[in-house]
Amino acid sequence: MALKSIDAVMIQKMFLSGAKALEAKKEYINELNVFPVPDGDTGTNMTMTIMSAAKEVTNLEKPSMDELGKAISSGSLRGARGNSGVIMSQIFRGFVKEIKGNDTLDVTIIGNAVQHAAETAYKAVMKPKEGTILTVAKAGAEKAEDMIINSDTDDIIEFCDAIVANMEDTLLKTPDMLPVLKQAGVVDSGGEGLMTFLRGAIDALKGKVSDFTVKVSGTSKVVKASTTATEEADIKFGYCTEFIIMLEREQDVVERQLKEYLQKIGDCVVVVADDDIVKVHVHTNDPGLAIQKALTYGSLTSMKIDNMREEHHEKVIKDAEKAAKAETEAKSEPEKEVGFIAVSAGEGLSDIFKDLGVDFIIEGGQTMNPSTEDILEAVDKVNAKNIFVLPNNGNIILAAEQAKQLTENKNLIVIPSKNIPQGISAMINYVANKSVDENEKNMSTEMLNIKSGQVTYAVRDTNMDGKDIKQGDFMGLTDKTIVAVEKNVDDAATALIDSMIDDDAELVSLYYGADVDEDGANKLADKLADKYEDVEFEVQFGGQPVYSYFISVE
């Protein structure tokens, strides 16, 4: 007997069944990630996205179609993590928008919803790539449209089976669309995630599932930038010194010479030239030396010197009482014109961003992509009209853009930084006396002028980019291209830097991770400095997990 209509309770069961199926296979989906790096988390991201919606859907008792649609859409949009999770949330958003206002669904409504789901997902991605979850979703939309036009069936089960079968066939063809998938011998992980959800949903439709309970885990942690205190004993240079030089000499010469001098008397050096001014930041034990040197290049303005040891001591005493009042005081203070949020993993990297003026750090990155909700919570706590968001990871940009769409009463500006060095460069190039639009353009442009790379280890055996890779090998990567494979971290870092340095290179920054000690990082930098005498090398503690080094060349 044909099933000609289904109600909201059945859609609820299908959604929860699909969510459980995805959760059960998330590790398998993770393993389909073609790059052998330890951050292949498509299955995790999609599961956490859908579980955010499942939490809201579970709490509904005999919902209407509109109530159910709102729970699915809102929950998945706010819980979306990673590119795959954001795309999945957009698929749900498009689907439920089409079923709104109906008490029951027939094949025509379902078919239109499937088409709208694919259209919405494609619109959410600036540069859609075929051979991905988007292509699989489109295959379902095309089959649905064809069946509706030809009035093939009014049986919902038969209709859904045909759509899913066409999507399955397309998923199997994704290796022919993306050479990297064929090389690795896998289908697209996002497409597999979508199909895993749909297989579970169809099982519920056919009465094969009786348990619809789901377990929902916690979310990532949003951390205010000022809450991670540097221990007083670790403060090597005690005075945070900032000023602006009104130039009287040639800009390029000043920037190079002053940076070289300041690195001899301190750390956390930032020297950025813009037209006829130079913005300077340095941690030093003798601010007077920095000021005297700067005066040889021009007059000074906007001078600020803070005793970091004293500030730390006072902070330790006052932290307890401040914690209780912090949120109330923040809301009572006048709203700032501009604020900053950055995603960062690693104590050292977070400290660098705070020194550059970031208000809030969201913990996350390569191994834990923060959700849209995490970004929205951070936005809510930054008391500013305009807020720059630095994702610092290509897999977090879409979630940040989604947060922008969901934000009211504040202007979110997403700087599409794909890695930590780009994020640092963007912050360095922010100029306070320029407009928000000017800064957005300048930050987004200038961060692309540096070359970025990273060193990590392989989690599986594979052959990629013409290189035979064994589990445990160290890899040097630039823009997801593997340029070096070595048996130890120093050799991988050296080979990576060799590939990045050209005749224009002036400065190489090494941000060393949790698995590298300061001594080892300095020895590597010294060795490289002997090799490249005209290039300056600086070493900074990043503390990031998984990645031994983040490297920038400028």
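Keep in mind that what you see is a predicted model, and the values were worked out from it rather than measured.

Conventions and cut-offs
- Going along each chain's sequence as written, the residues are numbered from 1 onward.
- In view of the model being predicted, local features appear only for residues whose pLDDT reaches at least 70, and side-chain atom pairs are presented and counted only at 80 or more, with totals across whole chains, interfaces and linings using the full set of residues.
- The side-chain values count all of the structure's non-hydrogen atoms but skip hydrogen atoms and water molecules.
- For patches, a residue must show more than 30% relative accessible area and have no salt bridge; joins then use 9 Å for like charges and 5 Å for nonpolar side chains, namely Val, Leu, Ile, Met, Phe, Trp and Tyr.
- Surface accessibility follows the Shrake-Rupley procedure with a 1.4 Å probe radius. Residue values consider only the protein chains on display as shielding.
- A pairing counts as a salt bridge when a side-chain nitrogen of Lys or Arg comes within 4 Å of a carboxyl oxygen of Asp or Glu.
- His is not counted here, nor are the chain ends, while Lys and Arg score as positive and Asp and Glu score as negative.
- To locate a charge, take atom NZ for lysine, CZ for arginine, CG for aspartate or CD for glutamate.
- Strands here are runs of E lasting at least two residues and helices are runs of H or I lasting at least four, both read from the DSSP assignment and numbered beginning at the N terminus.
- Axis geometry follows a simple rule: fit a line to the C-alpha atoms, using only the stretch in contact for helices, then measure angles between N-to-C directions, giving values from 0 to 180 degrees.
- Handedness of each helix crossing follows the sense of rotation of the near helix against the far helix: counterclockwise by less than a right angle gives left-handed, clockwise gives right-handed.
- Two residues qualify as a contact provided that any one of their heavy atoms is within 4.5 Å of a heavy atom in the partner residue.
- Amino acid classes used here: Ala, Val, Leu, Ile, Met, Phe, Trp, Tyr, Cys and Pro are nonpolar; Asp, Glu, Lys and Arg are charged; the rest, including Gly, are polar.
- Between 30 and 60 degrees the pair is tilted, below 30 it is stacked and above 60 it is edge-to-face, where a pair is any two Phe, Tyr or Trp rings, Trp via its six-membered ring, whose centres lie within 6.5 Å.
- Any residue under 20% of the maximum accessible area for its type is buried, any over 50% is exposed, and the rest in between are partly exposed; the area is computed with a 1.4 Å probe on protein chains only.
- Whether a charge lies above a ring is judged from NZ of Lys or CZ of Arg, which has to be within 6 Å of the ring centre and within 35 degrees of the ring normal.

1. Some words on a negative patch on the surface
So, point 1. Taken together, the side chains of Glu98, Glu119, Glu142, Glu145, Asp146, Asp152 and Glu158 define an acidic patch exposed on the protein surface.
So, point 2. With 3 residues, helix H7 (residues 133–149) is the largest single contributor of residues to the negative patch.
So, point 3. Along the chain, Asp152 falls in the loop between H7 and helix H8 (156–177).

2. Focus on the packing of helix H19 (residues 489–500) against helix H20 (residues 518–531)
Think of two packed helices as two axes; the pair is described by the angle between the axes and how far apart they sit.
So, point 1. With their axes 11 Å apart at the nearest point, H19 and H20 run at an angle of 35 degrees to one another. The hand of the H19/H20 crossing is right-handed. Across the interface between the two elements, Asp490, Ala493, Thr494, Ile497 and Asp498 from H19 touch Leu524, Leu528 and Lys531 from H20.
So, point 2. Classifying every residue of the contact of H19 with H20 gives 4 nonpolar, 1 polar and 3 charged.

3. A short note on the packing of aromatic side chains
So, point 1. Summed over the entire model, instances satisfying the criterion amount to 8 aromatic pairs.
So, point 2. When the ring of Phe340 is compared with that of Tyr430, the centres are 4.9 Å apart and the planes differ by 80 degrees; the resulting orientation is edge-to-face. Of this pair, Phe340 sits in strand S8 (residues 336–344) while Tyr430 sits in the loop between helix H17 (420–428) and helix H18 (436–446); the two residues are 90 residues apart in sequence, bridging distant segments of the chain.
So, point 3. By relative accessible area, which is 6% here, Phe340 ends up buried.
So, point 4. On the basis of an interplanar angle of 55 degrees and a centroid distance of 5.5 Å, the ring pair of Tyr512 and Phe541 is categorised as tilted. Highlighted residues: Tyr512 in strand S17 (residues 507–512) and Phe541 in strand S18 (residues 536–541), separated in sequence by 29 residues.
So, point 5. The class of Phe541 is partly exposed, set by a relative accessible area of 38%.
So, point 6. Each member of the aromatic cluster is reached from another via a ring pair, and the members are Phe15, Phe92 and Phe197.
So, point 7. Sitting over the face of the ring of Tyr261, Lys293 holds its NZ or CZ atom 5.3 Å from the ring centroid.

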